[in-house]
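Given next are the chains, with one letter for each unit.
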Amino acid sequence: MRTTARRAVQVVCVLTTASLLAACGAGKERPSEEGTAVGVTDTTIKVGAHFPLTGPAAPGYSEIPSGHQAFYEYVNDAGGVHGRKIEMVVKDDAYNPTNTSAVTNDMILQDEIFAMVAGLGTPTHRAVVQRLNDDGIPDLFVSSGSLQWGDNPETSPMTFGWQPDYEIEGKVIGQYVAENMPDAKVGLFLQDDDFGEDGEKGARQFLDSQIVDVQKYTPGGSTDFSPQMSSFKSKGVDLVIGFNTPSYTALSQIAAQGVGFKSKWFYSNVGSDPALVGGLLASMTKGKIPAEQGVKLMDGMMTTEYIPGVDAPDDEWVKLWQKVWDSYSKKGSEKLTNYRIYGMSQAYTFVQALQANGKDLTRESIVETIEKEGASFEGPGLAPFRFSEDSHMGISGVSVVEIKNGASEPLTPVLVTDIGDAPIEEDDSAASDAPPSSGIPE
Amino acid sequence: MERLRSLLRPVTSVPLARHLIVALVALLVVMAVIGMSSQYLQTRYAEMAYFAIAAGGLTLLTGLSGQLSLGHGALMAVGAYAATLVLERTGGESLADVFVALLVAIGVCAVVGVVVGVPAARLHGPYIAGATLTLAVAVPRLANQWDVLGGEQGLQVPVPRASELPAWIQDLIWFFTAVEIDQYSFLAYLGWLLLALTFVALANLSRSRVGRRWRAVRDDDVSAELAGIHLGRARVVAFTVSAMCAGLAGGLMAMNVRLTAPGAFTITLSLTLLAAVVLGGLGSLTGALIGAGVLAFLPHFATDLGESFGLSATQAAEVTPVVYGLVLMLVILLAPAGIVGSLRPFLARLSATSALGSTKEKTT
């Protein structure tokens with residue numbers, strides 16, 4: 001009797017377990033393809049980006065997202081885009097590619113962003129491009145001029161550049177130096193990654209015979225550049241062309257003073273903001289070089305420009321940015337800077353793309369819209385975008401300028417070109433675009 | 001009840017069997033939890049798994065053998081680069097590629113472990129800490145020396161696509177969790193499976209003759225040597241085992257982060273691993289697991305908390321290390337033996353009373 005009861009219990013146990021296991025599997029239908037408008041509702045669009053908010057690349061760059069956010073709030077208060085308000089998630093990667101990978105993961109899986117907009121940095125963004133494209137997430141208007149965002153849309157169909165790439169910037173700089181300073185002995189000061197490499201590639205098209213020395217640095221590595229500057233000095237360099245971030249402009253200036261190296265300087269657009277570098281010089285030397293003197297130190301330096309900046313307060317675009325910033329900056333005490341203008345200009349392009357896309361927004365449609373209509377977007381850029389099915393490269397030209405009293409004076413008209421051996425041509429047509437009266441692209 | 005106990009005695013009295021059963025049960029529970037979690041949480045679990053493997057190896061080295069290593073981040077880097085280079089060559093699409101890569105990572109780290117362990121065995125206390133510290137500083141910089149290692153930008157890691165996995169695994173996971181396996185859950189399952197295997201191996205090792213030797217060496221090296229234990233050999237073995245764990249953890253980390261770059265393996269990584277071990281309780285595998293959980297979840301928790309209190313993204317990013325440091329300080333002040341170490345007397349008392357209860361039961 002007892003054994004029968006026990007056996008019955010055993011049988012029941014086995015049956016229960018089996019049915020439980022079966023229930024596990026049979027409960028749900030296998031899900032179908034995931035929707036491709038994640039992050040979009042009838043009233044909101046959620047985008048995200050990684051920026052260095054802390055660490056050596058943070059000065060300047062950490063201000064870009066505040067420009068984005070101010071402009072989106074301006075647009076949102078005017079009713080948004082097709083009834084949708086834009087929300088931007090910003091995550092700190094401290095300019096460390098490993099962190100970029102981690103925070104991008106968070107933005108995709110936790111925040112469920114619709115698109116990455118304006119993620120910053122060459123080594124950092126490179127770490128997540130494949131991931132974003134694998135998952136089919138639009139990766140728009142990367143805040144970096146590396147070629148890889150746009151030169152091969154087949155491998156990265158979702159990624160678009162925004163600013164002029166470093167190769168065309170290098171070409172324009174190279175041609176200008178070759179034509180105007182044919183006797184200069186050129187030293188290159190490069191960030192040791194694709195940023196420096198692309199710039200060098202462009203510059204060498206015109207300057208191969210003039211370059212006598214190349215020095216590289218690793219972001220996050222040593223901050224003492226005396227050896228590099230001594231090398232320039234010993235090789236007789238009298239013009240340094242730098243493809244570096246702003247902190248390294250300041251560090252190279254300090255090191256050059258330290259070893260008594262005198263030269264002409266030509267920093268690429270990325271590292272040349274006079275107000276920021278002046279401030280950095282002051283803080284890095286603990287006030288030995290006061291900020292005003294730091295700005296003065298930048299006098300006579302050459303650089304390039306592709307959007308109007310704070311030094312042109314009468315420009316229609318800058319007037320718009322000033323108006324937006326005055327009413328939508330989170331902290332009224334903070335000033336409009338070139339980095340905030342950069343952020344607002346990118347945000348303008350993004351809103352423009354959303355407007356052009358129309359009400360039916362998916363991850364695929366926004367990419368298609370930019371490919372089809374991006375080349376005709378009128379915006380603050382001095383030269384038009386190159387967007388098409390075959391190219392996802394951004395603004396197509398720059399003008400060479402010289403810094404005087406913290407402002408830039410043009411040395412050339414806008415010079416438009418493309419990667420490879422495309423010719424460099426004068427083209428001021430896009431420079432005269434003016435913003436619509438509402439300040440919001442139509 | 002008594003009969004059940006006597007029936008199970010042959011199983012529970014053999015450490016290997018006991019460890020295997022505990023690991024299996026724990027693994028089943030974890031698999032169920034992973035299956036039900038969002039993709040975001042799955043990536044956190046995967047992160048916790050590889051940190052726990054590395055911390056397990058470190059707690060064994062520092063807690064049992066008494067060698068303080070500040071260079072485990074560098075060993076993880078070696079494992080990560082080894083696995084990445086293999087995955088690059090093989091394409092990394094299939095399950096076999098993944099296991100080959102991880103085995104190579106373990107193998108390379110074993111060799112590095114012996115090479116570093118031999119000189120390290122002659123050092124003790126702060127000297128071995130100093131020696132391993134140089135490892136942590138120097139090794140990641142090697143990536144800038146050779147182009148094949150990708151420089152500062154690092155190497156992209158190909159990740160196995162879930163659709164390329166063998167059908168039986170896909171069906172098995174589907175059957176148990178009713179969720180299609182994707183690469184996030186795959187990496188979480190893989191991480192926890194390897195974590196369970198590693199911890200069974202480590203727990204067994206620590207209960208075995210090898211583990212007893214390590215303890216003897218740690219507690220009194222002179223009397224250990226008098227008892228016939230070869231000090232150097234015991235230390236080198238401990239270092240090598242620990243390095244192999246770090247290698248496996250590094251390989252898994254590479255697949256999870258999808259990028260292997262020197263920036264991931266700063267001295268901070270070595271220190272946070274040590275902090276995890278101390279936080280959990282030195283010498284305890286459970287402690288290593290808890291410490292790894294804190295590592296994987298606390299920073300995100302702190303950032304989210306900061307943002308929910310209305311801090312800007314920048315401020316929230318800056319708040320994270322502060323919260324982390326405060327937690328560590330609180331644990332050191334309030335529970336100097338770590339979380340597990342401080343709970344242990346309490347748990348011992350609890351099991352003593354329940355044992356007392358059962359004897360009472362017996363007498364009545």
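On a predicted model such as this, the values are computed, not experimentally measured, just so you know.

Rules of the game
Residues numbered from 1 in each chain as written. Chains lettered and ligands numbered in written order. Predicted model: local features only at pLDDT ≥ 70, side-chain atom pairs only at ≥ 80, totals over all residues. Heavy atoms only, no water. Helix = DSSP H or I, 4+ residues; strand = E, 2+ residues; numbered from the N terminus. Buried < 20%, exposed > 50% of the residue type's maximum accessible area, 1.4 Å probe, protein only. Contact = heavy atoms within 4.5 Å. Lys, Arg positive; Asp, Glu negative; His and termini not counted. Charge placed at Lys NZ, Arg CZ, Asp CG, Glu CD. Domains from an automatic or database assignment. Buried area = accessible area lost by both parts, 1.4 Å probe. Salt bridge = Lys/Arg side-chain N within 4 Å of Asp/Glu carboxyl O. Polar contact = N/O pair within 3.5 Å; in protein donor to acceptor, adjacent residues only side chain to side chain. Nonpolar A, V, L, I, M, F, W, Y, C, P; charged D, E, K, R; others polar.

Participant: How do you make sense of the overall build of chain A when you look at a structure like this?
Facilitator: When you go through chain A residue by residue, the secondary structure sums to 14 helices and 13 strands. Viewed in the frame of its principal axes, chain A has a C-alpha envelope of about 105 × 50 × 45 Å. Each of the 442 residues in chain A was classed as buried or not, and the buried ones make up 58%. Long-range pairs, those at least 24 residues apart, make up 73% of the contacts in chain A between residues at least 6 apart in sequence. Charge separation in chain A, taken as the distance between the mean sites of 34 positive and 61 negative side-chain charges, equals 11 Å.

Participant: Just to check I follow, could you spell out the domain arrangement of chain A for this structure?
Facilitator: You'll often see interface size given as the accessible area lost when the parts meet. Residues and elements named next belong to chain A. As far as domains go, chain A holds domain 1 (44-164 + 309-396) and domain 2 (166-305). With centres defined by C-alpha atoms, the gap from domain 1 to domain 2 works out at 27 Å. Buried area between domain 1 and domain 2, both sides added, is near 1,600 Å², and the carbon and sulfur share of it is 53%. Contact with domain 2 buries surface across domain 1, with Tyr61, Leu147 and Tyr339 losing the most and accounting together for 28% of the total. Summed over the shared surface of domain 1 and domain 2, the result is 1 salt bridge. Close ionic contact of Arg126 with Asp194 constitutes a salt bridge, the shortest N to O distance being 3.4 Å. At the junction of domain 1 and domain 2, the tally comes to 7 residue pairs in polar contact (both at pLDDT 80 or more). Secondary-structure elements contributing two or more residues to the side of domain 1 that touches domain 2 are helix H2 (58-61), helix H5 (122-134) and helix H13 (338-357). Tallied by class, residues from the side of domain 1 that touches domain 2 come to 10 nonpolar, 9 polar and 3 charged.

Participant: Teacher, can you tell me more about the pattern of salt bridges here?
Facilitator: Between side chains of opposite charge, a pair can form as their charged atoms come close. Scanning all chains against the criterion turns up 18 salt bridges over all chains. A salt bridge links A:Asp208 to A:Arg204, with the nearest nitrogen and oxygen atoms 2.8 Å apart. Residue classification places A:Asp208 among the partly exposed positions, given a relative accessible area of 47%. Assessed through its relative accessible area of 28%, A:Arg204 is described here as partly exposed. Here B:Asp219 makes a salt bridge to B:Arg218, at a shortest N to O gap of 3.0 Å. The exposure class of B:Arg218 is partly exposed, given its relative accessible area of 36%. Counted as one network, the salt bridges with shared partners bring together A:Asp106, B:Arg44 and B:Glu47.

Participant: Would you mind showing me how to read the interface of chain B and chain A here?
Facilitator: Counting residues at the interface gives 31 residues for chain B, matched by 32 residues for chain A. Taken together, the two surfaces of chain B and chain A that pack against each other cover about 3,000 Å², and 49% of this comes from carbon and sulfur. The interface formed by chain B and chain A contains 1 salt bridge. Residue A:Asp106 is joined to B:Arg44 by a salt bridge in which the shortest nitrogen-to-oxygen separation is 3.2 Å. At the junction of chain B with chain A, the criterion picks out 11 residue pairs in polar contact (both at pLDDT 80 or more). In the side of chain B that touches chain A, the residues fall into 12 nonpolar, 9 polar and 10 charged.

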